[in-house]
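Coordinates in review
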Amino acid sequence: MRYALRDVEVTRALPRVVLDPDQSGLGVLVRRDGRPVDFFLAGLSAGAVLEPDELALLVSRSSARLVLEEAVRRSLPEPPLQPAATESSVTVAICTRDRPRELRSCLESVLALREAGDERTFEVLVVDNAPRDTRTEELVRALPSVAYAREPKPGLDFARNRALTEATGELVAFLDDDTVADPGWLDGLSEAVRENPDAAVVTGAVLPYELETQAQIIFERRGGFRRGFEKLRYHGPTFPGNPLYPVGAGLFGAGANMVVRRDVVLALGGFDEALDTGPPLPGGGDLDIFYRVVRAGHPLVYEPRMLVFHKHRRDLADLRRQYWTWGTGFMAFVSKTYAADPAQRGKLRHLIRWWFLEQLRELRRSLRGGGPLTPDLVLAELAGGVIGLAGTYGRSVRRTRAISSRAA
Amino acid sequence: MSPVQPLDIVHVDLAQGLEALRPSASGRDIFAVFWWRDVPLGHLHLSRRQLAAGGAALVQLIANRITPAVGDRLLPGFAGEAPGRENDQPPPDLAHLAGVSAPFRELEERVADALANRDAPSVSVVVCTRDRPAVLRECLHSLADCSASADEVVIVDNSTAGSMRDVVEEFPRMTYVRENRPGLSRARNTGIRATSGEIVAFTDDDTTLHGDWLARLRDGFAEPDVMVVTGLVLPAALETESQVVFELVYGGFFRGYQRIVYDKAFFEQTRAHATPVWKIGAGANMAVRRRAFELVGGFDERLGAGAAGCSEDSELWYRVLAEGWRCVYEPGAVVFHRHRADDEELRRQMHEYLRGHVAALFVQYARYGHRGNLVRAFLALPRDFAARAIREYVIRSRPSSGTFAAGLTGYLRGLRLLPLARRSRPRRLRE
């Protein structure tokens, strides 16, 4: 199963879409004057042809409100209180491990931002995490404008912390090596920082780079990494309309596309190296840093214009592992926070209950053939959650200490 | 969940900028209502922190909140959806939509056009009142400001001693009418008989009216088969816990900022579970075409305040829809309602709502034999009470509102009015 992907600008004539015979659906990124305003999936018959007016109908049906909201947003007057503008230097850091092919396309998209005839400059840094060979190093050394650092201790958060110490920028933008930055990514970041000079974290939109396999389509149909297309600002102890804020840290964004203020994160002690270690606990580090930043009283903002495209897992076994990872990573974060932040325990208990109820609902849906997921995928996440609660974090801390002391 | 706090209500005319959006001196959160000149577009509960931060996230929140109403004024395809009805409106034309780059300028042009093309039927205003001179006086002051276009204004005094006469006589263009028999339905029917306008607009004595109220209600009758137009009811004050709970926890009388057309198709789609006519609007802000009273009768005097409790308005709308006519919700017609200020009054109100609601279901069944009304009275409402009891008292996912018992006893009292469900013929308004 494959889906086609189209990038549609509503202020221009729409294209005619011809699906390949093995494509049975379409993912559409809707833009208005270049800004992303919505993304949707539409199942179609294999090999279908959509005339421009049929595509317009699909776009209008799913995105009319957001297309208009963008015009409304731009037409609104300025609020009385505006932050003072500041400039911040930026380092784009890509942590990678033995994936030179993915890294190359990611780097190309980042370097293209710099070559867009723009006087804004930024540093690009690749952190090579416990590589098994020298392919990554050779690739980066061939690019004179890209800095290279090697982090021998395996684990994404070791690499991220290494990036924080190597980087020179006041802001460090972390992109996963399996992403490609949208040409508007840097404009999105500049806009978010201009509008929120006090923000310690900016997260951005993550959309699919391709929908070539069933696993990728399932992942995206479940919502993927999407967090909507509206600017959000999280600050302080409560957020209107969300009783699980700030412990439900998934809403803040995804580590595949996040920018952090270096001094703030260093002052908080950096990323938690016991999370995101690779197996057996390959997740949760992004949630943890978002949460700690917000709990320390700093604003976190989500900027949809700061968009990247992510290469989702191609096969179902990898997807299952990904959901398992989400379960363990999320619950490892929850159990760590439960111990570390007693003031939030009530909310965390709510969150745990909500999460399990949600999974059970998803499981029931999948058993009836309703939702996007098959039961094995739901069970993988559920099992991951159980394992994550059952002492995984403590074991990971001990293991990580051992790795650190061996390295020292 | 934080305890209920009073809010400052701030009206923001976007045409004048967002200057009003500053942290209030009182330190309270604000209930911000957004307008483009006289067109209401949406509201937001904003915290002090959100106001202090200002900036792009606040602008995005406002845009998010007002876009449906802006769309509804500019393009077909943005109308509000009647509750329980499948959305069958075609989406807006994308080229047209993408061409809207200055929505507020276009909005202004639309509003100017609408004002220019008025072919006005005659309108009478009826205000029923009872023993509340200070409240009535405030209402009549606002009515005097917006009733320039009214052909007549009649105040029906339903108080025990006819004590509202003095207040009414302070207002030269208003006519005082006495109705000795208690009951809001009786008072309204008396008001209908005492007036002659093609349109009869009703409000209660505990409201104040926006200057365009009457004009916007009248606009809603452009199509000849529209028999009822209801409008937007906004809180006049959110000073007490009861007022805040009523508006923000129960949703007040709020029906959105998009126009909604209720027609026979809506009625048929929702009939099996009792058409939710009570969502069409509120008696404090409605107008009825006089012909409707001839076609389906007046307000049922067994219902309403002073009788079974309430729902005399929605029961009339039920007949209007059942007979194939249309009701329109027009949010441009705005009244500000003074919600009950203390707990005791709020509890009594909830009691009366439930009792009146059940009575209206019985009456609706009696007139038309639509079983959905009984399904709601005997199955859906008990289920709702059970679910609410679990939410409020067992899992506590929502704060106990303190009106549960009042609502439940109101419901049980309503069930005792079961004789109203005996099948009968529709009653006509006596001339």
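Residues numbered from 1 in each chain as written. Chains lettered and ligands numbered in written order. Predicted model: local features only at pLDDT ≥ 70, side-chain atom pairs only at ≥ 80, totals over all residues. Heavy atoms only, no water.

**Re the overall build of chain A**
Rules: Numbering of helices and strands runs from the N terminus, with a helix taken as a DSSP run of H or I at least four residues long and a strand as a DSSP run of E at least two residues long. We take the radius of gyration over the C-alpha atoms and set the globule estimate at 2.2 Å times the residue count to the 0.38 power. Remark: exposure states derive from per-residue accessible area (1.4 Å probe, protein chains only) relative to the maximum for the residue type, with buried under 20%, exposed over 50%, and partly exposed in between. In short, Shrake-Rupley with a 1.4 Å probe defines the accessible areas, and a residue's cover is counted only from the protein chains shown. The positive count covers Lys and Arg only, the negative count covers Asp and Glu only, and His and the chain ends enter neither. Charge coordinates come from a single atom per side chain, which is NZ of Lys, CZ of Arg, CG of Asp or CD of Glu.
Helices and strands together make up the secondary structure of chain A, namely 11 helices and 14 strands. Taking 22 Å as the expected radius of gyration for a compact globule of 408 residues, we find that chain A reaches 21 Å, a close match to that expectation. Viewed in the frame of its principal axes, chain A has a C-alpha envelope of about 65 × 55 × 50 Å. In chain A, which comprises 408 residues, the share counted as buried stands at 57%. As displayed, chain A offers around 16,600 Å² of accessible surface, 53% of which is attributable to carbon and sulfur atoms. A gap of 6 Å separates the mean positions of the 55 positive and 54 negative side-chain charges of chain A.

**Details of the domain arrangement of chain B**
Residues and elements named next belong to chain B. Just so we agree on the cut-off: Domain start and end points were adopted from an automatic or database domain assignment. A contact between two residues is defined here by any heavy atoms of the two lying within 4.5 Å. The buried area of a pairing is the accessible area, by a 1.4 Å probe, that goes missing from both parts when the two are put together, added over both. A pair is scored as a salt bridge if a Lys or Arg side-chain nitrogen falls within 4 Å of a carboxyl oxygen belonging to Asp or Glu. A 3.5 Å cut-off defines polar contacts: any pair of N or O atoms within that distance qualifies, except that in protein one atom must be a possible hydrogen donor and the other a possible acceptor, and neighbouring residues in sequence count only when both atoms are side-chain atoms.
Taken domain by domain, chain B comprises domain 1 (8-114), domain 2 (121-344) and domain 3 (346-421). Of note, the centres of domain 2 and domain 3, computed from C-alpha atoms alone, are 23 Å apart. The partner domain 3 presents 28 residues to the 31 residues of domain 2 that form the contact. Carbon and sulfur atoms supply 58% of the area buried between domain 2 and domain 3, which totals about 2,500 Å² over both sides. Taken as a group, Tyr250, Tyr318 and Glu344 account for 22% of the area that domain 2 buries against domain 3, more than any other trio of residues on that side. Remark: the boundary between domain 2 and domain 3 carries three salt bridges. With a shortest N-O distance of 2.6 Å, Asp300 and Arg367 are connected by a salt bridge. Our count for the contact surface shared by domain 2 and domain 3 stands at 11 residue pairs in polar contact (both at pLDDT 80 or more). The biggest single contributor to the side of domain 2 that touches domain 3 is helix α12 (residues 312-322), with five residues.

**Description of the interface of chain A and chain B**
Each side of the interface is counted separately: chain A has 33 residues, and chain B has 38 residues. At the boundary of chain A with chain B, total buried surface from both sides reaches about 3,200 Å², with 70% on carbon and sulfur atoms. Taken as a group, A:Leu68, A:Pro80 and A:Leu81 account for 19% of the area that chain A buries against chain B, more than any other trio of residues on that side. Taken together, the connections running from chain A to chain B amount to zero salt bridges. Examining the composition of the side of chain A that touches chain B, we find that 14 residues originate from one element, helix α1 (residues 52-75) of chain A, more than from any other.

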